[in-house]
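Structural description and commentary
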Amino acid sequence: MDTPLFRAVEEYRAKGYARFHMPGHKGAPQGFGPELDAIFPVDLTEVGGVDSLYHADGPILELERRWAALYGAAASVLSAGGSTLCIQTMLALACRPGDTVIAGRGVHTSAVNAMGLLGLTPVWLWPDGSAGAGMGGRIRPQDVEAALKAYPQASAVYLTSPDYFGAMSDGAAIAEITHRYGRRLLVDNAHGAHLKWMGKGLHPMKFGADLCCDSLHKTLPVMTGGAMLQVGDPALAGDAKGRMSFFGSTSPSYPVMLSIDRCLGLLENGYGERLRQVAVPCGEVEALARRRGFACVLGPRDPSKIVLNVGQSGLNAEEYCDRLRRFGIEPEYADASWAVLMAGPDNGPEDYRRVERFLEGLSPVCAEKTQSPVPRPAVAMPLREAMLGDWRAVMVEESCGCTAAGMVCPCPPGIPVVMPGEVIDGAMMNLLKKSGFFTIKVVK
Ligand SMILES: Cc1ncc(COP(=O)(O)O)c(C=O)c1O
């Protein structure tokens, strides 16, 4: 497996230079334990031959070009700062200060923060609840079209798909509509880097997105923090690195970048088939859950996520997780309605057997949960002003009528109850109390 950054780092190490450069550990073991000490020799900085992320013209550029060729992108830009950095870059590339963005409400906090920092005004689209109660669901293409008509000043559409539960919106239809109105489509595909290998047209670079982020570390064998900004519109390729450098550290992690480089080698050499195979045991586990009487996620979704119905089990999230752990399973996430297990090629048959044994001992004791209404708050002031201004903490029960200074989302992957600049009403106050919040940041 020949990959460019690994080769360059090996060549550098072979020279045996005395390291009078950063990092301070000089590549030597520090007695931090064998696992950490083993990483130091390849934890480098931008010395001769190993390129420089934001001015790449050597192995990092080759890595990015090979990545773009694999995914069919006009350009791929490496991030050692996760999708968070890619999301900041996408919005800074496609929008200008003061612009309006049409965005699905089920956004990650990094997008809300970036919108505030860049002075963007979001117009929210509420997901349709089509995946099942307690999950956001999907953004409907017709809602995107209606918003494009209602807000002709909007410069971009921002879609999060797949969501944390794996539910996928109709990206191709949304891309077609967005382009028909002459706007750009930005996709938070943080949970979908692997989708390129799971089926035709599932990855945003295949369904027509202009920009997307892939958290490689979430679903591919890449170290935490490794991500890729994928550029579909060639007109945006030239400025992508420069805009990313506004937000990124000037010292990106070489171990993280090296893991992306080696992952490139895996993907070029048949790893996609291993990814595709993951759908088989996941489908079998889901079929077992259905046979046991549990409802599963409805509609198009990521076939590598196992989403188990907690609500029907009669257990709360903590009890459900405890029980999973007793069967030797650590989930990605669980709330009162659902538990999410993320599967990958490194989950062996025994891992799935554990999930099956867990399900075999569990029967539904409650009816399926029904969807509770998602609040649609009024906006009192611009997102940026509310987010960056002075704030104070108030008890949730005293927050009715106040303007939120931060985003509040009862369960991180769900639909935020309130965004900065929105007014908290009585129903939202009760929902926040029910979700276990005691205090909330409001505008001073
Ligand atoms: C939907 C979504 N977008 C973006 C992010 C940010 O990704 P990263 O952790 O790679 O910065 C996350 C993180 O969990 C996420 O769930």
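Cut-offs applied
- Residues numbered from 1 in each chain as written.
- Predicted model: local features only at pLDDT ≥ 70, side-chain atom pairs only at ≥ 80, totals over all residues.
- Heavy atoms only, no water.
- Helix = DSSP H or I, 4+ residues; strand = E, 2+ residues; numbered from the N terminus.
- Buried < 20%, exposed > 50% of the residue type's maximum accessible area, 1.4 Å probe, protein only.
- Contact = heavy atoms within 4.5 Å.
- Areas by Shrake-Rupley, 256 points an atom, 1.4 Å probe, with all protein chains shown as cover.
- Lys, Arg positive; Asp, Glu negative; His and termini not counted.
- Charge placed at Lys NZ, Arg CZ, Asp CG, Glu CD.
- Axes fitted to C-alpha atoms, helices over the stretch in contact; angles between N-to-C directions.
- Parallel < 35°, antiparallel > 145°, perpendicular 65-115°, else oblique.
- Nonpolar A, V, L, I, M, F, W, Y, C, P; charged D, E, K, R; others polar.
- Pairing = 2+ DSSP bridges.
- Expected span 1.5 Å × (residues − 1).
- Salt bridge = Lys/Arg side-chain N within 4 Å of Asp/Glu carboxyl O.

**Digging into the overall build of the chain**
On a plain count of helices and strands, the chain comes out with 17 helices and 12 strands. Viewed in the frame of its principal axes, the chain has a C-alpha envelope of about 65 × 55 × 45 Å. The buried share of the chain, taken over its 444 residues, is 55%. Considering only contacts in the chain between residues 6 or more positions apart, those separated by 24 or more positions represent 70%. With the model as given, the accessible surface of the chain reaches about 18700 Å², and the carbon-plus-sulfur share is 54%. A gap of 2 Å separates the mean positions of the 43 positive and 47 negative side-chain charges of the chain.

**Quick look at the packing of helix 13 (residues 279-291) against helix 15 (residues 349-360)**
Orientation of helix 13 relative to helix 15, taken along the N-to-C sense of each, is 5 degrees, at an axis distance of 10 Å. The orientation of helix 13 relative to helix 15 falls into the category roughly parallel. Of the residues in helix 15, those touching helix 13 at P281, C282, V285, L288 and A289 are Y352, V355, E356, L359 and E360. Classifying every residue of the contact of helix 13 with helix 15 by side-chain character gives eight nonpolar, no polar and two charged.

**So, the sheet that holds strand 1 (residues 75-79)**
The sheet built from seven strands is open, its strands ordered 1-7-6-5-4-2-3 with mixed pairing. Looking at the sheet topology across the chains shown, the edges are occupied by strand 1 and strand 3 (121-125). Between one strand and the next, the sheet's axes are offset by a mean angle of 20 degrees, whatever the strand orientation. Across the face of the sheet, helix 6 (residues 141-150) comes into contact with strand 2 (100-104), strand 3 and strand 4 (154-160) while running at roughly 145 degrees to strand 3. Packing of helix 10 (residues 234-245) onto the sheet brings it into contact with strand 1, strand 5 (184-188), strand 6 (211-214) and strand 7 (227-231), and relative to strand 1 it is tilted by some 10 degrees.

**Examining helix 3 (residues 59-71)**
The end-to-end C-alpha distance of helix 3, which contains 13 residues, comes to 18 Å, matching closely the 18 Å that a straight helix rising 1.5 Å per residue would cover. Of all the positions in helix 3, only P59, I60, L63, E64, R66, W67, A68 and Y71 are classed as buried. Count one or two residues on from helix 3 and you reach G72, which has phi positive near 70 degrees.

**Regarding the pattern of salt bridges**
Counted according to the given criterion, the structure contains 22 salt bridges. Residue D346 pairs with R274 through a salt bridge whose shortest N-O separation is 3.8 Å. Here D346 is found in the loop between strand 10 (338-342) and helix 15, whereas its partner R274 is found in helix 12 (residues 271-277), with 72 residues between them in sequence. Judged by relative accessible area, which is 63%, D346 ranks as exposed. Accessibility expressed as a relative area gives 41% for R274, which makes it partly exposed.

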